[in-house]
Amino acid sequence: MGTELYYHARELTLACLYLRRHGPPYLRALPMERIWGLLQGFIAENYWHLFDETWAKPFDGTYADHVSASTKDILARQLAASLIFRPVAELTLYPLVPVQVKAAFRSEPFSVVSPSTLVRGEIPTELERWVEPDAFPPLTDWKGRRDVGVSSWLAVRSPVEDAADKVRAAILGAIALTPLPMYTYLFSGRRIFGGRCTITGDGGATTSFSAGHTPPLMHDIVVTEADHAWLSMLAEKLGSNTKTARRELRSLEYFYRAWPLGKSERFPILCMALDAVFGDANGATQAVIDGIQVALGSHVPDARLRRLMSLRAAVIHGGAPDVYDSSKYAEYYSEYAVDPIYDLELITAACLRARVFNGALVPHSDPNGEIVHEHQKAGRLPKQYLRPSILDVAGTP
């Protein structure tokens with residue numbers, strides 16, 4: 001026996017929007033068609049609650065007009081108790097290559113661990129013998145393609161993989177703030193691989209391959225116990241549903257998206273990161289300038305910021321499809337003898353460290369610090385060997 005159900009597209013869309021707005025946060029990471037499918041699946045699975053009042057009883061109009069209030073109440077209670085509203089967080093593992101973990105960090109929404117500590121904290125005990133932590137996929141019985149050389153694992157707990165991917169982006173956006181500016185976009189030719197492996201509650205696993213989750217950094221990022229303070233702040237924000245936390249997480253996502261791109265391609269994405277955390281629809285440019293000066297100090301040169309924001313406006317609002325096409329790019333370079341893309345990189349990173357992490361995220365030490373010091377001591381490098389920037393003018397380290 002069976003029956004066919006038809007849905008009013010507009011009304012179901014409104015229901016999906018309501019659910020997305022007022023339901024669990026993970027739903028905001030899903031496209032509308034996925035939420036549509038969740039609701040249709042719920043009705044199919046719970047149709048038997050409608051059976052007595054509708055089966056073999058032809059009627060005109062909608063089910064809403066036909067079934068009783070008590071049946072609607074039962075359906076509402078079932079929906080509230082369903083996996084839609086009470087989702088089960090499953091473990092999704094992302095392999096990282098240029099990130100080393102010397103002190104594992106664990107929290108409810110995510111963990112960053114080394115391969116040796118993966119099975120001692122993230123994997124259920126009964127599944128440990130099936131896990132190969134040094135390779136991706138991390139499954140001992142995997143017969144297909146396998147990538148070796150995993151340096152660390154990002155473990156995210158989320159009801160759906162789409163939401164886990166957004167959490168991954170925010171976390172890696174924060175990790176991208178840890179290198180010194182000269183190393184953030186310094187890439188090598190080494191091979192990077194990616195993918196994700198989700199371990200389900202019943203002990204099963206689903207695996208997919210992808211490009212690397214980070215660019216091929218010249219120097220590894222090393223996570224130590226000194227990073228745990230800002231990682232804890234990030235975990236708290238991921239568990240928050242406030243507007244401020246959502247804006248800050250979006251800004252980290254934008255920063256992550258810009259990370260692997262070339263200079264001109266990352267310029268507009270970095271502008272979006274600043275807009276996400278500081279922007280105001282009623283006066284976006286001024287709001288961003290005010291936000292930067294509040295975050296970094298009012299001594300940041302206003303005229304130079306406005307020059308930088310005018311270039312941003314040209315790129316964002318269609319004046320130049322490539323930042324190099326804008327006459328404002330050459331004007332800025334001529335005026336300050338510094339690439340405006342470089343200044344925007346520094347401003348964006350410094351603002352996110354200050355605004356999102358309240359200064360708790362401090363850039364890591366120079367991986368070549370000892371070599372640089374030796375050359376400075378021998379007189380082969382000046383004490384100030386980095387190119388000047390807008391932050392040097394502002395007196396910001």
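Figured I'd write up the structure that's included with this text. (Residues numbered from 1 in each chain as written. Predicted model: local features only at pLDDT ≥ 70, side-chain atom pairs only at ≥ 80, totals over all residues. Heavy atoms only, no water.)

## Thoughts on the pattern of salt bridges
Here is the rule we go by: A side-chain nitrogen of Lys or Arg and a carboxyl oxygen of Asp or Glu constitute a salt bridge if their distance falls within 4 Å. Strands are runs of DSSP state E lasting at least 2 residues, helices are runs of H or I lasting at least 4, and numbering of each runs from the N terminus.
Taken as a whole and judged by the stated rule, the model has 15 salt bridges. For the salt bridge of Arg355 with Glu248, the shortest nitrogen-to-oxygen distance reads 3.8 Å. A residue pair is termed long-range when its members are at least 10 positions apart, and Arg355 in helix H15 (residues 340-357) and Glu248 in helix H10 (residues 243-258) qualify at 107 residues. Between Asp339 and Lys263 there is a salt bridge whose closest N-O contact spans 2.5 Å.

## Brief notes about empty space enclosed by the protein
Cut-off, in case you're wondering: Any residue with an atom within 4 Å of a point lines the site, the site being either a cavity, points on a 1 Å grid over the protein atoms alone where a 1.4 Å probe fits but cannot get out, or a pocket, an open set with protein on both sides within 12 Å along at least 5 of 7 lines. Grid points are joined across faces, edges and corners, and a volume is the space filled by probe spheres set on the points. Note on residue categories: nonpolar means Ala, Val, Leu, Ile, Met, Phe, Trp, Tyr, Cys or Pro, charged means Asp, Glu, Lys or Arg, and polar means any other residue, Gly included.
Counted under the stated rule, the structure contains one cavity of 30 Å³ or more. Here the largest cavity defines a volume of roughly 70 Å³. Counting residues per element, the ones that place at least two in the lining of the largest cavity are helix H8 (181-184) and H15. Broken down by class, the residue content of the lining of the largest cavity amounts to eight nonpolar, one polar and two charged.

## Considering the state of the cysteines
Operational definition: Working definition: a disulfide is two cysteine sulfur atoms within 2.5 Å of each other. Exposure is judged per residue with a 1.4 Å probe applied to protein chains only, and the accessible area is read against the type maximum: over 50% gives exposed, under 20% gives buried, and values in between give partly exposed.
Enumeration over the complete set of coordinates arrives at zero disulfides. With no disulfide of its own, Cys351 lies closest to Cys271 among cysteine sulfurs, the gap being 12 Å. Owing to a relative accessible area of 0%, Cys351 belongs among the buried residues under this scheme.

## A short note on the pairing of strand E4 (residues 110-113)
The criterion, for reference: Two strands make a pair as long as DSSP finds a minimum of two bridges between them.
Of the two faces of E4, the one lined by Phe110 and Val112 and the one lined by Ser111 and Val113 are each fully buried. With two bridges joining them, strand E3 (residues 105-106) and E4 adopt antiparallel strand pairing. Bridging from a neighbouring strand, Phe105 pairs with Val112 of E4. With antiparallel pairing between neighbouring strands as the criterion, E3 and E4 make up a hairpin whose turn holds three residues.

## Looking at the sheet that holds strand E8 (residues 196-199)
The strands making up a sheet associate through backbone hydrogen bonding, with each pair oriented either parallel or antiparallel. Applied cut-off: Note on definitions: a residue-residue contact is assigned when non-hydrogen atoms from the two residues lie within 4.5 Å. Helix axes are fitted to C-alpha atoms over the stretch in contact, other axes to C-alpha atoms as well, and angles between N-to-C directions run from 0 to 180 degrees.
Spatial ordering of the open sheet is given by E3-E4-E7-E1-E8-E9, a layout of six strands whose pairing is antiparallel. Each end of this open sheet is capped by a strand with a single partner; those strands are E3 and strand E9 (205-208). With three bridges connecting them, strand E1 (residues 90-96) and E8 associate as antiparallel partners. Bridge pairing links Leu91 to Ile199 in E8. Against the sheet, helix H7 (residues 161-175) touches E1, E4, strand E7 (152-158), E8 and E9, its axis set at about 130 degrees to E7.

## Some remarks on the pairing of E1
Buried residues dominate E1, accounting for six of its seven residues. Across seven bridges, E1 lies against E7 in antiparallel orientation. For Tyr94, the partnering residue across the bridge sits in E7 and is Leu154.

## Here's the deal with the environment of Ala349
Locating Ala349 in the fold gives a position in helix H15. Put simply, Ala349 and Leu180 are 169 residues apart on the chain and 9.9 Å apart in space, counted from C-alpha to C-alpha. Ignoring sequence-local partners within four residues, the contact set of Ala349 consists of Leu177 and Phe255.

## Structural notes on the nonpolar core
Our working definition: Buried Ala, Val, Leu, Ile, Met, Phe, Trp, Tyr and Cys residues form a nonpolar core when they are joined through side-chain atoms within 4.5 Å.
Counting 68 residues, the largest nonpolar core has Phe110 and Leu252 as its most contacted members. For this core, the element with the highest residue contribution is H15, accounting for eleven residues. Each residue touching Phe110, except ones within four places of it in the same chain, is listed here: Phe105, Leu154, Ala155, Val156, Arg157, Ile171, Leu231, Leu234, Ala235 and Leu238. In this structure, Leu91, Val97, Leu118 and Ile123 belong to the second largest nonpolar core, which totals 18 residues.

## A few points about the packing of aromatic side chains
So the rule is basically this: Classification of ring pairs rests on two measures: the distance between centres of Phe, Tyr or Trp rings, Trp counted by its six-membered ring, which must be within 6.5 Å, and the angle between planes, read as stacked under 30 degrees, edge-to-face over 60 and tilted in between.
A complete count under the given rule lists nine aromatic pairs for this structure. Ring centres of Phe59 and Tyr63 lie 5.3 Å apart, and the angle between their planes is 90 degrees; on these two criteria the pair is classed as edge-to-face. Through a chain of ring-to-ring contacts, three or more aromatic side chains come together here, namely Phe136, Trp142, Trp153 and Phe209.

## Quick word on the side chain of Thr184
Examined against the element boundaries, Thr184 turns out to sit in helix H8. On the basis of relative accessibility, which here comes to 4%, the residue Thr184 falls in the buried class. Excluding its chain neighbours within four sequence positions, the residues that come into contact with Thr184 are Ala176, Pro179, Leu217 and Trp259.

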